[in-house]
Amino acid sequence: MIARRAARAGVWAGALALAALCGGTPGPNARAQTPEPPPEPPLELDAAAPPAPAPPPEDEASSPLDLQAGLPQSFEARVEAAIAVDRVRLAGGREFVLPHLLSPGLWRPGAIEAERAAAAALADRTLGATVRVDLAAAARDRYARLRGRLRLADGTDLAVAMLAAGRAVTLAEPDAPPARLAALLAAEAEARAAGAGFWRDGFFRVAAAEPYDGPLDGFAIVEGVVARVGRAGRRVFLEFGADWRRDFTAGLDAGAARRFERAGVDLDALEGRVVRVRGWVRRWNGAFLDLETPAQLETP
């Protein structure tokens, strides 16, 4: 018996030694070594995410449109394509944006045919033409696209032309020079009065403030009489109806109110006057529009 136990102990000790060499532990209850997990597949890009801006051309260092080489304030360039009513592609591959324009696709998201028609109107004027480029003070946007004014050889200002044709509306950016904004709004008013372009079929329209008949959660131009100018804390509210819980309201935070004051706009004097406001309308105790710059408010 003792000999058999010693023999078994010797076999077990040998097995332990062998297992140590092989990296495992033998025995009737021993578990197989867990295999290493397969490598994780590479992450896939979200198909819904917008594509990253295209890299600049390889020969950009020698291109006349190279921002790093320093662009003149004004120069001439040929238009290769009209991408939208407010964007073209210039020779050399640079995109150029016409600031302060709102395209029909942003007025009514999903309006693909209207967006194409607006782009076609710009293409009819510019495709293959040599245009005069006048860069804005902020000469490029966050996507490195050039921005400013484009004019044809006869002096036609293309942003003004698109507004006068009723193919876009004005949405001033914070840096809009007052004289420039006045010219754009005048062209828009001309199209509205003449029923040109998208104003003809009601695609573009001015909504009534009271009762409000414009879109919610979208861009709108709204006109009505300011019934009351109210304040709550540091915010200012232009109320267009008798019940602030349900009527159309345009509101300003403290920063926006200071910008209006610096621009010489007396907010309290708006009570009882007809005003026209523009911007994105959201739901907050009825329809609510945030006023951020004086360019969003007109007193027709």
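This text follows the structure it describes.
Heads up: these notes are all about the structure in this document.

We now examine the overall build of the chain. When helices and strands are tallied, the chain shows six helices and 15 strands. Expressed as a percentage of the 300 residues in the chain, the buried residues total 40%. Residue pairs at least 24 apart in sequence account for 60% of intrachain contacts in the chain once pairs closer than 6 positions are excluded. Accessible surface for the chain amounts to roughly 17,500 Å². Of this, 55% is attributable to carbon and sulfur atoms.

Here we take up helix α5 (residues 178-194). The first and last C-alpha atoms of α5 sit 24 Å apart over 17 residues, in line with the 24 Å expected at 1.5 Å per residue. All buried positions along α5 are accounted for by Arg180, Leu181, Leu184, Leu185, Ala187, Glu188 and Ala191. Along α5, the residues classed as buried sweep out an arc of 155° about the axis, all on the same side. Summarising the geometry of α5, the exposed residues directed more than 90 degrees from the buried face are Pro178, Ala179, Glu190, Ala193 and Ala194. Taken together, the buried residues of α5 touch β6 (146-151), α4 (158-164), β7 (169-170), β9 (218-225), β13 (274-283) and β15 (297-298). Immediately beyond the C-terminal end of α5, within one or two residues, lies Gly195, with a positive phi of roughly 65°.

Turning our eyes to something else, we now look at the nonpolar core. Counting 41 residues, the largest nonpolar core has Leu90, Phe96, Trp107, Val131, Val133 and Leu150 as its most contacted members. Here this core gets five residues from one element, more than from any other, and that element is α4. Residues contacting Val131, with those up to four places away along its chain left out, are Phe75, Glu76, Ala77, Val79, Leu90, Leu150, Arg151, Leu152 and Leu158. If you look at the next biggest cluster of nonpolar residues, it comprises 25 residues, including Tyr212, Val226, Phe240 and Val281.

A few words on helix α3 (residues 112-126). For α3, with 15 residues, the first-to-last C-alpha span of 21 Å sits near the 21 Å given by 1.5 Å per residue. Taken residue by residue, α3 has Ala114, Ala118, Ala119, Ala121, Leu122, Ala123 and Thr126 as its buried positions. Of the surrounding secondary structure, the elements contacted by the buried residues of α3 are β1 (74-84), β2 (87-90), α2 (104-107) and α4.

Along the chain, the position of Asp247 falls in the loop between β11 (235-239) and β12 (249-252). In this structure Asp247 is buried but unpaired, with Arg228 as the nearest side chain of opposite charge at 7.4 Å. A distance of 3.2 Å separates a polar atom in the side chain of Asp247 from the backbone nitrogen of Gly241. Within polar-contact distance, the side chain of Asp247 engages the side chain of Thr249 at 3.1 Å.

Take the environment of Gly166 next. If you trace the backbone, Gly166 turns up in the loop between α4 and β7. Residues Gly166 and Glu188, spaced 22 residues apart in sequence, show a C-alpha to C-alpha distance of 7.0 Å.

Let's shift gears to the packing of aromatic side chains. The full count for this structure, using the stated rule, is 12 aromatic pairs. Seen in terms of ring centroids, Phe198 and Phe203 are 5.2 Å apart; in terms of plane orientation they differ by 45°. Their pairing is tilted. Take Phe198: its relative accessible area is 7%, and that puts it in the buried class. One aromatic cluster is present, formed by Trp107, Phe198, Trp199, Phe203, Phe204, Phe219 and Trp280 through successive ring pairs.

So, how was this worked out
Residues numbered from 1 in each chain as written. Predicted model: local features only at pLDDT ≥ 70, side-chain atom pairs only at ≥ 80, totals over all residues. Heavy atoms only, no water. Helix = DSSP H or I, 4+ residues; strand = E, 2+ residues; numbered from the N terminus. Buried < 20%, exposed > 50% of the residue type's maximum accessible area, 1.4 Å probe, protein only. Contact = heavy atoms within 4.5 Å. Areas by Shrake-Rupley, 256 points an atom, 1.4 Å probe, with all protein chains shown as cover. Expected span 1.5 Å × (residues − 1). Arc of directions from axis to C-beta. Core = buried A, V, L, I, M, F, W, Y, C linked by side-chain atoms within 4.5 Å. Lys, Arg positive; Asp, Glu negative; His and termini not counted. Salt bridge = Lys/Arg side-chain N within 4 Å of Asp/Glu carboxyl O. Polar contact = N/O pair within 3.5 Å; in protein donor to acceptor, adjacent residues only side chain to side chain. Phe/Tyr/Trp six-rings, centres within 6.5 Å; stacked < 30°, edge-to-face > 60°.

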